[in-house]
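Here is how the chains run, residue by residue.
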Amino acid sequence: MNKPIYFFANWKMYLDNLESEKLAFDLVDYFKDKNDNISIAVLPSALSFISVKNILENSNIKIGSQNSYWIDKGGYTGEVSMQMYKSAGSNFSLIGHSERRHIFKESNHDIREKLESAIVAGLTPIICVGETGQERNDGRAEEIVEIQLRAVFENILIPDGLEIFIAYEPVWAIGTGKACNPEDAEQMHQKVLTIANVLISSANVKILYGGSVSEKNVVSYLTKDSIDGVLVGNASTKIDTVVAIHQALSKEIA
Ligand code: PGA
């Protein structure tokens, strides 16, 4: 396995400001002498973005937002825009996470607006797609993911070579400890790549898997052909589990 590997740490709303700063310091310390092809990026809460960014300043760890709004500035109480994150030093923008879709009722239309805004702001988008347990049981998993991809990518102008991450995150696997079987995930990743090749052929698409990733299963995903990395929630919020995941990957690379 000598491809570059991406490890995105989605901290969600798990950590308060002090806990976020502490974890950022621990990550800088752990990764400071690591010189491998595993790239790490953290997605802290909006509250902790600036302080975490400052802690990561001279490290090789990148940073992104969990959620942002598509209009640059104005009367939008509670929101932070893509442009604002960009000017605060963000590299990535997580868009359409299933918790945003399901709990906060974000629509495919909202996700499309966010993607366009991220591209204009110069942020690297991470677009999340995935079916619910019911949809998978009904045999509709691929159809649902295709609908989500079409809604977000159809007729969009993508600058040549623009890096876009697409994270396959089955809703039923998120935060449940019931990770998707790696063969089923790979089948979906190939489907996603086939659709992306048609809809956004000019983009440089990278595929992530997310949903109950741990040190026990991470290698089984990364050894598949179509995948470039993982989007990790719960296990990314503790230094011990981040280290365990990194070590599992490092052993595989060695
Ligand atoms: P989890 O979350 O690793 O806690 O399942 C993944 C995600 O929602 O990105």
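This text gives an overview of the structure that appears in the document. Note that this is a predicted model, so its numbers are computed, not measured. (Residues numbered from 1 in each chain as written. Predicted model: local features only at pLDDT ≥ 70, side-chain atom pairs only at ≥ 80, totals over all residues. Heavy atoms only, no water.)

One pass over the structure, following the stated rule, counts 10 aromatic pairs. Between Tyr209 and Tyr221, the ring centres sit 4.2 Å apart and the planes meet at 15°, which makes this aromatic pair stacked. Of this pair, Tyr209 sits in strand β7 (residues 204–210) while Tyr221 is found in helix α9 (residues 218–222), placing the two residues 12 residues apart along the sequence. Note on accessibility: Tyr209 and Tyr221 belong to one class, buried. Sitting over the ring of Tyr30, Lys34 keeps its end group 4.1 Å from the ring centre. (Phe/Tyr/Trp six-rings, centres within 6.5 Å; stacked < 30°, edge-to-face > 60°. Helix = DSSP H or I, 4+ residues; strand = E, 2+ residues; numbered from the N terminus. Buried < 20%, exposed > 50% of the residue type's maximum accessible area, 1.4 Å probe, protein only. Lys NZ or Arg CZ within 6 Å of the ring centre and 35° of its normal.)

Soluble globular proteins tend to bury their nonpolar side chains together. Residues Trp11, Val42, Phe153, Ile166, Ile200 and Tyr209 are the most contacted members of the largest nonpolar core, which totals 66 residues. With 6 residues, helix α8 (residues 182–199) is the largest single contributor of residues to this core. Not counting residues within four places of it along the chain, the set of residues in contact with Tyr209 comprises Tyr168, Pro170, Ala173, Ala179, Cys180, Ala185, His189, Tyr221, Ile227, Gly229, Val230 and Leu231. Membership of the second largest hydrophobic core comes to 12 residues, among which are Phe8, Ala41, Leu94 and Phe165. (Core = buried A, V, L, I, M, F, W, Y, C linked by side-chain atoms within 4.5 Å. Contact = heavy atoms within 4.5 Å.)

Now for the sheet that holds strand β3 (residues 62–65). Ordered in space as β1-β2-β3-β4-β5-β6-β7-β8, the 8 strands form a closed barrel in which the pairing is parallel. Neighbouring strand axes in the sheet, compared pairwise and without regard to direction, differ in orientation by 25° on average. Pairing of strand β4 (residues 92–95) with strand β5 (residues 124–129), which is carried by 4 bridges, proceeds in the parallel orientation. Looking at the pairing, Ile95 lines up with Ile127 of β5. In the packing of helix α5 (residues 108–121) onto the sheet, contacts are made with β4 and β5, and the angle to β4 comes to roughly 175°. The sheet strands contacting helix α10 (residues 239–253) are β1 (5–10), β2 (38–43) and β8 (229–232), and the helix crosses β2 at an angle near 160°. (Pairing = 2+ DSSP bridges. Axes fitted to C-alpha atoms, helices over the stretch in contact; angles between N-to-C directions.)

Around the ligand lies a shell of 13 residues, among which Lys12, His97, Glu169, Gly175 and Ser212 are the nearest. For the ligand, an oxygen atom lies 2.6 Å from a polar atom in the side chain of His97. Separating an oxygen atom of the ligand from a backbone N or O atom of Gly175 is a distance of 2.6 Å. Within the complex, 99% of the 280 Å² of free accessible area of the ligand lies under protein. Partitioning the shell around the ligand into residue classes produces 4 nonpolar, 7 polar and 2 charged. (Near = heavy atom within 4 Å. Polar contact = N/O pair within 3.5 Å; in protein donor to acceptor, adjacent residues only side chain to side chain. Areas by Shrake-Rupley, 256 points an atom, 1.4 Å probe, with all protein chains shown as cover. Nonpolar A, V, L, I, M, F, W, Y, C, P; charged D, E, K, R; others polar.)

Right, let's talk about the pairing of β5 for a bit. Buried residues dominate β5, accounting for 6 of its 6 residues. Because side chains alternate across β5, one face comprises the buried residues Thr124, Ile126 and Cys128, and the other comprises Pro125, Ile127 and Val129, equally buried. Summarising the sheet, β5 and strand β6 (residues 163–168) pair through 4 bridges and their orientation is parallel. Bridge pairing in β6 links Ile126 to Phe165.

Tallied over the full model, the rule gives 0 disulfides. Note on Cys128: no disulfide assigned, nearest cysteine sulfur contributed by Cys180 at a separation of 15 Å. Residue Cys180 is classed as buried on the basis of its relative accessible area of 2%. (Disulfide = S-S within 2.5 Å.)

Given a rise of 1.5 Å per residue, 13 residues ought to cover 18 Å, and the 18 Å separating the end C-alpha atoms of helix α7 (residues 141–153) matches this to within 8%. Residues of α7 that are buried include every one of Ala141, Ile144, Val145, Gln148, Leu149, Val152 and Phe153, and no others. The buried residues of α7 occupy an angular sector of 145° when projected down its axis, which confines them to one face. Where the residues of α7 are buried, they touch α4 (98–102), α5, β5, α6 (133–137), β6 and α8. Immediately beyond the C-terminal end of α7, within one or two residues, lies Asn155, with a positive phi of roughly 55°. (Expected span 1.5 Å × (residues − 1). Arc of directions from axis to C-beta.)

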